[in-house]
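Given next are the chains, with one letter for each unit.
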Amino acid sequence: MPGIPSRSLRRGRIVGALLGSVATLWSSAAVPQEGRDDATMNLYGTPGLVDMPTAEVLPDATLSATYGGFGDYTRSTLSFQITPRLSGSFRYAELKGFPSSNSADYYDRSFDLRYLLMKESEWRPAIVVGMSDIIGTGVYSGEYVVATKTLMPGLKVTGGIGWGRFGSEGTLGSTGTRPGFQAGQQGTFTTDRWFRGDMAAFGGVSYAPNDRFKFKVEYSSDLYDQEVASGGVEHKSPWNFGVDYKLWQGAGQLSLYSVLGSEVGAQLTVYTNPKTLGVPGGVEPSGLPVAPRPAGAAADLGWTVDPQKTSAAQTQLAQTLASEGIRLEGMTLESRRAVVRVSNSRFNSEAQALGRIARVMTRTLPASVEQFEIIPMVNGMATSSVVIMRSDLEREEHEAAIEILPRVRFYDGFGREPEAYQSSYPQFDWSLAPYLDVSVFDPEEPVRTEGGLRGTFSLDVTPNLVFSGSASYRATGNISDISRRDESGLPRVRTDAPVYAAEGDETIENLQLAYYGRPGKNLYGRISAGYLEEMYGGVSAEILWKPVTSRVAFGAEVNWIQRRDYDQLFGFQSMTTTDPVSGVKREIPEFNGHVSAYYDFGNGFHGQLDVGRYLAGDIGATVGLDREFANGWSVGAYATVTDASAEDFGEGSFDKGIRVTIPISSLLNVPTRRENNINVRSLTRDGGARLNVRGRLYEQVRDYHKPEVVESWGRFWR
């Protein structure tokens, strides 16, 4: 990324981009890191000593964020322990005066991967192989193999061999030619560098006298030759020293360092672990207990000939479910069987919602009704049919939730749902609240914010027809001040976003009418029309095939679009865009779409592959992998590669990013289905851009299918 003039107020603001969301959850989502032998983070935001890595790993699923640096260099890193052995990191660094001019700041994005080859045992060390800055210019490019051994409680010794940055001090030999820093190369895999070039040894010792403090000393194999050449630091010694202090029951780490024999550094680290947080929602009132039937009561069918008793049972069921935040939309009541059509707007744990519905049914339905069939509805679509026997509920209430699961049956809800009560619709919901939007990685201002007031509404006209929208008023912020207008070799389908941001303070973000339905067994459909997002309106149609017990799903979507006016009110404009740099005019295609494949790998891992035509007319594929947790958290990454060349795409070469979903219930500790989605992408470009349609089917439908419900089944009796 080209250097730009420095600004005194800019330093330190990058922390908001990568630490803000994690720090907000510090008190409620902390993962204890209290042992003397726990891993701590180095200045690269990965397990290590001061600058050098160790073979330590964080607990599975740990999400950490660091902000630190020394001299004129700062680094912000977001790391995730993807599996017990594999971890990944995204880093954003500010290097003042790099690589050659003290009058400019240089901003760099880099990705790391680490893999635990061997776990530590009584006699052998742990061994990790790692690769830093595997995509891009190579500012922090380096690879290493490192071993760490615990000699006694709190005392560890580390030694390793490194290449790239880790092989520049005291070189031992070479494994070939390694290209150096390339300022114009962003977003491409640097395979020509991996484990090539000079190699050197590094090592160090750490000692934790107690659970709070850890002291470190290391011999660094990083010469910092580029920073020294730029005049940013002096390299007086390869010996670095550090001390870590754990904060607030191990939820964070404060570190102080002596680096290069000439600099003093500091770093703050915060941790959270979605895997160990538990399922949020714990201060809500407990669910009603099962009401056991008296002996012989199940044989009494007298109520079936009394319409008033039947009506009274339905009324009582609806009222009791409403007190749980669940709406009874329809019901079929027979002598031995009851089928209920329900809508859950409260519990983000589907298993908890099913458990509460079933227990309410034991308390409100006649004793002869043995079979409960619960059909959760989403936008008028019967997602599944969950069948539970009343006698199983009575017998297993005081056992672990897993005991009743084998007796619960899941079917496709298609055609099994009762008719909706006429009184259930229309349904209206709205909200009005302040908002804060954050834009990151603009070279002129790495972190920009915008705040104001946002109103949203949703009108369920019928069970399947939803009219919804949102509008906002911008009161303050500087996102609209973005002036950088990079050249694009593609139609400007996303890089004109700053123009949209600058045109109006009052905007209609979206306003659409959507119809949802079930065309057939295992099939779901959606048609949306209106102002589909901030930049485009039109019509979007989607179909999804997803069996209720399957881990596999397939879908297809086609969109006809028109570009909205810059003021984001009611008008449209030409589909011809003009590049502000070259003056070249390009047409945005009116049609785009994708075919998609989804797969649940188990253990919370979900994959998605989308293949098709993107907004700019480029053709390619997006692959995404997310790790999801029973409490609603998810952490994932995605990448899009199309037939647009790296030159046409521009800086970054291809689209990629990291996404985190945080359930609001983890903040409030009360059940709610609302969530906060954070998408950290290195750049917004025109290649690989997709329409941001609301209400896509897969995420709605799968929540009540068996693989998803089983993930949170431990909440069934809550």
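**Here's the deal with the overall build of the protein**
- The number of helices and strands found in the protein is 10 helices and 35 strands.
- Counting the 718 residues in the protein, one finds 55% classified as buried.
- When contacts within the protein are restricted to residue pairs at least 6 apart in sequence, long-range pairs at least 24 apart make up 62% of them.
- A total of about 28600 Å² of accessible surface is found on the protein, and carbon and sulfur atoms cover 57% of it.

**So, the pairing of strand β15 (residues 326-333)**
- Most of β15 sits out of view: 6 of its 8 residues are buried.
- Bridge count between β15 and strand β16 (residues 337-344): 7 bridges; the pairing is antiparallel. The residue of β16 that forms the bridge with Arg327 is Ser343.
- From the end of β15 to the start of β16, which pair antiparallel, there are 3 residues.

**A closer look at the environment of Tyr524**
- Turning to its location among the elements, Tyr524 is positioned in strand β25 (residues 523-531).
- The spacing of Tyr524 and Leu697 is 173 residues in sequence and 7.3 Å in space, taken between C-alpha atoms.
- A polar side-chain atom of Tyr524 sits 3.0 Å from a polar atom in the side chain of His705.

**Focus: helix α3 (residues 307-323)**
- The end-to-end C-alpha distance of α3 is 25 Å, a good match for the 24 Å that 17 residues give at a rise of 1.5 Å each.
- When we look at burial in α3, the residues that qualify are Thr310, Ala313, Leu317, Thr320 and Leu321. The buried side chains of α3 occupy one side of the element, clustering within an arc of 105° when seen end-on. Away from the buried face of α3 by more than 90 degrees, exposed residues Pro307, Gln308, Gln319, Ala322 and Ser323 are located.
- One or two steps after α3, the chain reaches Gly325, where phi turns positive at roughly 80°.

**Here's the deal with the pattern of salt bridges**
- One pass over the full model with this rule turns up 42 salt bridges.
- The shortest N-O distance in the salt bridge between Glu370 and Arg293 comes to 3.0 Å. With Glu370 in the loop between α4 (350-364) and β17 (371-378) and Arg293 in the loop between β14 (263-272) and α3, this residue pair connects regions lying 77 residues apart in the sequence.
- With a shortest N-O distance of 3.0 Å, Glu394 and Arg293 are connected by a salt bridge. Taken together, the residues span a long stretch of sequence, with Glu394 in helix α5 (residues 390-396) and Arg293 in the loop between β14 and α3 at a distance of 101 residues.
- Bridged by salt links that share partners, the residues Glu334, Arg337, Glu373 and Arg416 form one connected network.

**Topic: the side chain of Asn522**
- By the element assignment, Asn522 lies in the loop between β24 (506-517) and β25.
- Relative accessible area serves as the criterion here: at 17%, Asn522 is assigned to the buried category.
- Excluding anything up to four places from it in sequence, Asn522 contacts Asp412, Leu544, Trp545, Lys546, Pro547 and Val548.

**Section: unusual backbone geometry**
- At the junction of Tyr425 and Pro426, the peptide bond is cis and its omega measures out at 0° in the coordinates.
- For Pro426, the location among the structural elements is in the loop between β20 (409-411) and β21 (427-442).
- The backbone phi angle of Leu260 is positive, close to 65°, even though this residue is not glycine.
- As for its position among the elements, Leu260 is in the loop between β13 (252-259) and β14.
- Positioned with a positive phi, Gln568 is a non-glycine residue whose angle comes to about 55°.
- Inspection of the secondary structure assignment puts Gln568 in the loop between β27 (552-563) and β28 (576-578).
- Take Gln568: its relative accessible area is 7%, and that puts it in the buried class.

**Regarding the pairing of β27**
- Sheet analysis places strand β26 (residues 536-545) next to β27, joined by 10 bridges and oriented antiparallel. Considered in β27, the bridge of Glu542 is made with Glu557.
- Hairpin connection between β26 and β27: a loop of 6 residues separates the two successive antiparallel strands.
- Across 9 bridges, the pairing between β27 and strand β30 (residues 591-602) is antiparallel. Residue pairing for β30: Ala553 is matched across the bridge by Tyr598.

**Overview of the packing of aromatic side chains**
- Applying the stated criterion across every chain, the model contains 22 aromatic pairs.
- Seen in terms of ring centroids, Phe213 and Phe215 are 6.2 Å apart; in terms of plane orientation they differ by 10°. Their pairing is stacked.
- For Phe213, a relative accessible area of 35% translates into the label partly exposed.
- Look at Phe716 and Trp717: their rings are 5.0 Å apart centre to centre, the planes differ by 80°, and that puts the pair in the edge-to-face class. As far as burial versus exposure is concerned, Phe716 and Trp717 are alike and both buried.
- Joined through ring pairs, the aromatic side chains of Tyr44, Tyr140, Tyr144, Phe166 and Phe202 make up one cluster.

**Remarks on a nonpolar patch on the surface**
- Among the surface-exposed residues, Tyr515, Ile527, Val539, Val558, Trp560 and Phe591 lie close enough to one another that they form a single nonpolar patch of about 560 Å² accessible area.
- Take Trp560: it is sitting in strand β27.

**Description of α4**
- Its 15 residues place the ends of α4 21 Å apart at the C-alpha level, agreeing with the 21 Å of an ideal helix rising 1.5 Å per residue.
- α4 sits mainly inside the fold: 14 of its 15 residues count as buried.

**Let's talk about the confidence of the model for the protein**
- When pLDDT is averaged across the protein, the result is 87; 89% of the residues are at 70 or more.
- Confidence drops under a pLDDT of 50 for residues 1-33, and excluding neighbours within four residues, the segment shows 105 contacts in the predicted structure.

**Describing the environment of Gly167**
- For Gly167, the location among the structural elements is in the loop between β8 (155-164) and β9 (171-174).
- On a C-alpha basis, the gap between Gly167 and Ala200 in space is 4.3 Å, while along the polypeptide they are 33 residues apart.
- Beyond its immediate chain neighbours, meaning those up to four positions away, Gly167 contacts Gly162, Asp198, Met199, Ala200 and Ser221.

Cut-offs and rules
Residues numbered from 1 in each chain as written. Predicted model: local features only at pLDDT ≥ 70, side-chain atom pairs only at ≥ 80, totals over all residues. Heavy atoms only, no water. Helix = DSSP H or I, 4+ residues; strand = E, 2+ residues; numbered from the N terminus. Buried < 20%, exposed > 50% of the residue type's maximum accessible area, 1.4 Å probe, protein only. Contact = heavy atoms within 4.5 Å. Areas by Shrake-Rupley, 256 points an atom, 1.4 Å probe, with all protein chains shown as cover. Pairing = 2+ DSSP bridges. Polar contact = N/O pair within 3.5 Å; in protein donor to acceptor, adjacent residues only side chain to side chain. Expected span 1.5 Å × (residues − 1). Arc of directions from axis to C-beta. Salt bridge = Lys/Arg side-chain N within 4 Å of Asp/Glu carboxyl O. Phe/Tyr/Trp six-rings, centres within 6.5 Å; stacked < 30°, edge-to-face > 60°. Patch = residues over 30% accessible without salt bridge, like charges linked within 9 Å, V, L, I, M, F, W, Y side chains within 5 Å. pLDDT = per-residue confidence, 0-100.

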